[in-house]
Amino acid sequence: MQVVKTVADLRQQINSLKKQGNKIVLVPTMGNLHAGHLALMKHAHRCGDRVVCSIFVNALQFDRSEDLQAYPRTPEQDLAALEDENVDLVFMPAHEEVYAEEHKPKQDIPKHALNEQLCGKYRPGFFDGIVEVVARLFHIINPDVAVFGEKDYQQLIIIKRLVQDMGFPILIESVATQREEDGLAYSSRNSYLSLNERVQAKQIYETLLVVKTQLEAGSQDFVAIEKQAMDQLAKAGFRPDYVAIRNAKGLESASYGTDFIVILVAAWLGKARLIDNLLLQKR
Ligand code: PAF
C-alpha cells in the first residue's frame, strides 16, 4: 500500500495505474475509520482494479456546532485497517494541498435548494463545503468510480447531482448503512457519546423502525407520523432537528403514492449530532 501526501505524488501513481489499464475506485473519507468505511473499501474492490482511499478532514464542512479540532483523528489505526482491506493507495493531503487555487475545478459548482434543506438547514454551509472538497478530490484524482455510504443519504444525493452538473465521468456507487448489534449506525461521531448516551442512542434506529411500520401499515398522514417520531425522540432524551419522510430518488417531499421512500432523522444526544435513515420500497 502506497501512502502519498502531495497531489504531484498522487497523480504520478494514478497515471501509472491508469496507463496499465486499471480502473480506479476512490473512497473519500475523513479518517477515523470504522466498520462502515471498511464495507465501502470491500465494495470498492468489486467496482474496479485499484482502490484509492483519501483521508482528509475537510475544514470547510465544519460549522460552529461541531469543533474541527475535536474531530477524532486516528491515522495509525486507519492505515493499519486500510492495509488489511488491501487498499492500494492512500491520499493524506494537507489543507493547502487540496485547496490550492490550481485544484479548483474550472467550472463553477451550481447551488441547489437541497443543500439548504434537512441537514443543510441546521448546518448552514455544510453541503457547500462537502461539494467543494468532493469536486476538488474528483478533479485531482480523476477516478472511474467513487463509493459513498448510504448513511449520509442527503450527501449521496447531492454528490450524484454534483457529478451530473459538472459532467464528471465518474460512476457513483453506494453501500448500505452498517449497524452495530443494537441497530446504531456506525459513525465517527458515536465517539462523542457517553456510556449512558451510547445505550440511549439505539432509539434512533428504533424510531425509524416505528415510522417504517406505520408507513407499511398504510398510514397516510406523513406530517403526523413525523411529529410523533420527533416526540418519541424528545421523550427518550434527544434534541431532534428533524424526522422527514421523503422521496428517496431526489429527496423531494413524499406522499402516500410515492413508491421509493426514505425516512431521515437527525437528532442531538449530548454532544453528538446523530443522523440515520431507512429506505422503504413500496410493493
Ligand atoms: O462522508 C464523509 O466522510 C465526508 O463528508 C466526505 C465525503 C469524505 C467529504 O469530506
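Here, the structure is the one placed above.
Computed from a predicted structure; not experimentally measured. (Residues numbered from 1 in each chain as written. Predicted model: local features only at pLDDT ≥ 70, side-chain atom pairs only at ≥ 80, totals over all residues. Heavy atoms only, no water.)

**Some words on the overall build of the protein**
- Scanning the protein for helices and strands turns up 10 helices and nine strands.
- Its C-alpha atoms give the protein a radius of gyration of 19 Å, within 12% of the compact-globule value 19 Å for 283 residues.
- Along the three orthogonal principal directions, the C-alpha set of the protein runs to about 55 × 40 × 35 Å.
- Taking all 283 residues of the protein together, 54% fall into the buried category.
- A separation threshold of at least 6 residues defines the contact pool for the protein, and within that pool the share at least 24 residues apart is 72%. (Helix = DSSP H or I, 4+ residues; strand = E, 2+ residues; numbered from the N terminus. Rg over C-alpha atoms; globule rule 2.2 N^0.38 Å. Buried < 20%, exposed > 50% of the residue type's maximum accessible area, 1.4 Å probe, protein only. Contact = heavy atoms within 4.5 Å.)

**Topic: helix H1 (residues 7–19)**
- Between its first and last C-alpha atoms H1 spans 18 Å; for 13 residues at 1.5 Å apiece the expected length is 18 Å, and the two agree.
- Looking at H1, one finds that the buried residues are Val7, Leu10, Ile14 and Leu17. Down the axis, H1 shows its buried residues gathered within 95° of arc, on one side only. Seen from the open side of H1, the exposed residues pointing more than 90 degrees away from its buried face are Ala8, Gln12 and Lys19.
- Where H1 is buried, its residues meet strand E1 (2–4), strand E2 (24–29), strand E3 (50–55), strand E4 (89–91), helix H4 (95–98) and helix H6 (126–141).
- Phi turns positive one or two residues past the end of H1, at Gly21, with a value near 85°. (Expected span 1.5 Å × (residues − 1). Arc of directions from axis to C-beta.)

**Topic: the nonpolar core**
- Grouped together as the largest cluster of nonpolar side chains are 48 residues, with contacts concentrated most on Phe138, Tyr153 and Ile172.
- For this core, the secondary structure elements donating two or more residues are H1, E2, E4, H6, strand E5 (145–149), helix H7 (153–166), strand E7 (239–247) and strand E8 (260–269).
- Among the elements that take part in this core, H6 stands out by supplying 11 residues, more than any other.
- Residues contacting Tyr153, with those up to four places away along its chain left out, are Ala248, Leu251, Phe260, Val262, Leu264, Asn277 and Leu279. (Core = buried A, V, L, I, M, F, W, Y, C linked by side-chain atoms within 4.5 Å.)

**Section: the sheet that holds E2**
- As summarised here, the arrangement of the six strands in space is E1-E4-E3-E2-E5-E6, forming an open sheet in which the pairing is parallel. If you trace the sheet from one side to the other, it starts and ends with E1 and strand E6 (171–175), each paired once. Sheet twist, expressed as the mean angle between neighbouring strand axes with direction ignored, is 25°.
- The sheet contact formed by E2 and E3 spans six bridges and is parallel. Note that in E3 the partner of Leu26 across the bridge is Val52. (Pairing = 2+ DSSP bridges. Axes fitted to C-alpha atoms, helices over the stretch in contact; angles between N-to-C directions.)

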